[in-house]
Amino acid sequence: MAPGNGSFVTAFILVGLTDQLDLQVPLFFLFLLMYMVTVMGNLSLIILIGINSHLHTPMYFFLFNLSFTDLCYSSVFTPKMLIDFLSKENIISYMGCMTQFYFFCFFVVSECYVLTSMAYDRYVAICNPLLYNTVMSPKVCSSLMLGSYLMAFSGAMAHTGCMLRLTFCDANSINHYFCDIHPLLQLSCTSTYVIELVVFIMAGINITVPSLTIFVSYGLILSSILHIKSTEGRSRAFSTCSSHIIAVSLFFGSGAFVYLKSSSTGSLDEGKISSIFYTNVVPMMNPLIYSLRNKDVKNALRKTLRRRKY
């Protein structure tokens, strides 16, 4: 029975990262290790922030949401990807593919705006420290997160709505390890011009607007830091922003490279390799970046471990 969009295809075959059989098992263990680090790292941050009252601040509230987003985001496709490394037929149903695509869009857009909220938090902390508690009140922080998830919901609905309008006739092999935009567009047997335009505009908004906001925030932060007279003060201010700058650069850099181009530009194999950075590497690196470079998190971990000993 055909899906509701009039497509003749009821299931897709995920080609995966490579068709070389001798690489499947090594890749399985590599990505299993990465996923375990991702889950353990993000869960650890969520638990640490939850049980340590001195981490109940706006900065760690946003970090809690970032870890939650990364955990869900990586879980959308990595378990299926791991199964496919060991399976002969990597089949995903039409509705399964659209569901995976929807949640992928939801969490990736969420991450864009969570990172933007974190940049605004750093701007207020450094440029208006005396007003920080007033400006970054619990109500404001909750509103920023609600706005992030609403933007994610609208973006995911728009992208998935576009995909549901595509018609797939005979070709059903997705040249990717998950249901992504460009591989699905290339499989369609009808014109994708309008849908590509909508996807490009939506991706442009969800990458450009947060990126511009973050860029302006850090421009103002840099200007404020340069006016600090003491070297120690400047160093402390830079250290509070460095982790976030690294996370933003990894996420937005790899995402812009993949999505701010048409589906016919370059090879899909190149896109698959690039996708690994924002789908697997970034969710794994974020908890490491924020824990290894953050004294509060390391102190909270030590206190928690001491409590467990006694």
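Calculation rules
- Residues numbered from 1 in each chain as written.
- Predicted model: local features only at pLDDT ≥ 70, side-chain atom pairs only at ≥ 80, totals over all residues.
- Heavy atoms only, no water.
- Helix = DSSP H or I, 4+ residues; strand = E, 2+ residues; numbered from the N terminus.
- Buried < 20%, exposed > 50% of the residue type's maximum accessible area, 1.4 Å probe, protein only.
- Areas by Shrake-Rupley, 256 points an atom, 1.4 Å probe, with all protein chains shown as cover.
- Pairing = 2+ DSSP bridges.
- Patch = residues over 30% accessible without salt bridge, like charges linked within 9 Å, V, L, I, M, F, W, Y side chains within 5 Å.
- Salt bridge = Lys/Arg side-chain N within 4 Å of Asp/Glu carboxyl O.
- Lys, Arg positive; Asp, Glu negative; His and termini not counted.
- Charge placed at Lys NZ, Arg CZ, Asp CG, Glu CD.
- Contact = heavy atoms within 4.5 Å.
- Polar contact = N/O pair within 3.5 Å; in protein donor to acceptor, adjacent residues only side chain to side chain.
- Expected span 1.5 Å × (residues − 1).
- UniProt positions renumbered as here; feature names shortened; annotations may be inferred.
- Disulfide = S-S within 2.5 Å.

Here we look at the overall build of the protein chain
For the protein chain, the helix and strand inventory stands at 10 helices and three strands. The order of α-helices and β-strands along the protein chain, N terminus first, is β-α-α-β-α-α-α-β-α-α-α-α-α. Residue burial in the protein chain is summarised as follows: out of 310 residues, 49% are buried. Element-wise, carbon and sulfur atoms account for 69% of the exposed surface of the protein chain, whose accessible area totals about 15400 Å².

Regarding the sheet that holds strand β2 (residues 91-93)
Read from one edge to the other, the open sheet built from three strands follows the order β2-β1-β3, with strand pairing classed as mixed. With one partner strand each, in any of the chains shown, β2 and β3 (173-174) form the two edges of the open sheet.

With respect to a positive patch on the surface
A contiguous patch of positive charge on the surface is contributed by K295, K298, R302, K303 and R306. Here R306 lies in helix α10 (residues 295-309).

Let's talk about the environment of T38
For T38, the position within the fold is in helix α1 (residues 21-51). The exposure class of T38 is buried, given its relative accessible area of 2%. Separated by 37 residues in sequence, T38 and S75 place their C-alpha atoms 9.5 Å apart. Contacts of T38, omitting those with residues within four sequence positions, involve S74, N280, P283 and M284. A polar contact is formed between the side chain of T38 and the backbone oxygen of M34, at a distance of 2.8 Å.

Quick word on the pairing of strand β1 (residues 11-14)
Side chains F12 and L14 of β1 all project onto a buried face; the interleaved residues A11 and I13 project onto a face where none is buried. Looking at chain direction, β1 and β2 are connected through three bridges and run antiparallel. Bridge pairing in β2 links A11 to S93. Looking at chain direction, β1 and β3 are connected through two bridges and run parallel. Bridge assignment links I13 to a residue of β3, and that residue is S173.

Some remarks on a nonpolar patch on the surface
A cluster of nonpolar side chains, Y193, V194, L197, V198, F200, I201, I205 and V209, forms an exposed patch at the surface whose accessible area comes to about 730 Å². Along the chain, F200 turns up in helix α7 (residues 193-226). The class of F200 is partly exposed, set by a relative accessible area of 43%.

Here's the deal with helix α5 (residues 138-164)
Structural remark: α-helix, 3.6 residues per turn; residues separated by three or four positions point the same way. For α5, with 27 residues, the first-to-last C-alpha span of 38 Å sits near the 39 Å given by 1.5 Å per residue. Within the sequence span of α5, burial applies to C141, M145, S148, A152, G155, A156, H159, T160, C162 and M163. Those residues of α5 that are buried lie in contact with α2 (58-85), α3 (94-127), α6 (181-187) and α7.

Quick look at the UniProt feature "transmembrane region" (unreviewed entry) in the protein chain
UniProt records the feature "transmembrane region" (unreviewed entry) for residues 27-48, 60-79, 91-115, 146-168, 193-226, 238-260 and 272-292 in the present numbering. Along residues 91-115 the backbone is 88% helical and 12% strand, and the end-to-end C-alpha distance reaches 34 Å. Segment residues 146-168 splits into 83% helix and 0% strand. End C-alpha atoms: 36 Å apart.

Quick word on the state of the cysteines
Covalent bonding between the sulfur atoms of two cysteines defines a disulfide. Scanning all chains against the criterion turns up two disulfides. What pairs with C169 in a disulfide is C189, and their sulfur atoms sit 1.9 Å apart. Residues C169 and C189 are joined through a disulfide that is right-handed, its torsion about the S-S bond being 60°. Taken together, the residues span a long stretch of sequence, with C169 in the loop between α5 and β3 and C189 in the loop between α6 and α7 at a distance of 20 residues. The partly exposed category is assigned to C169, whose relative accessible area is 24%. By sequence-ordered numbering of the bonded cysteines, the protein chain has its disulfides arranged as 1-3, 2-4.

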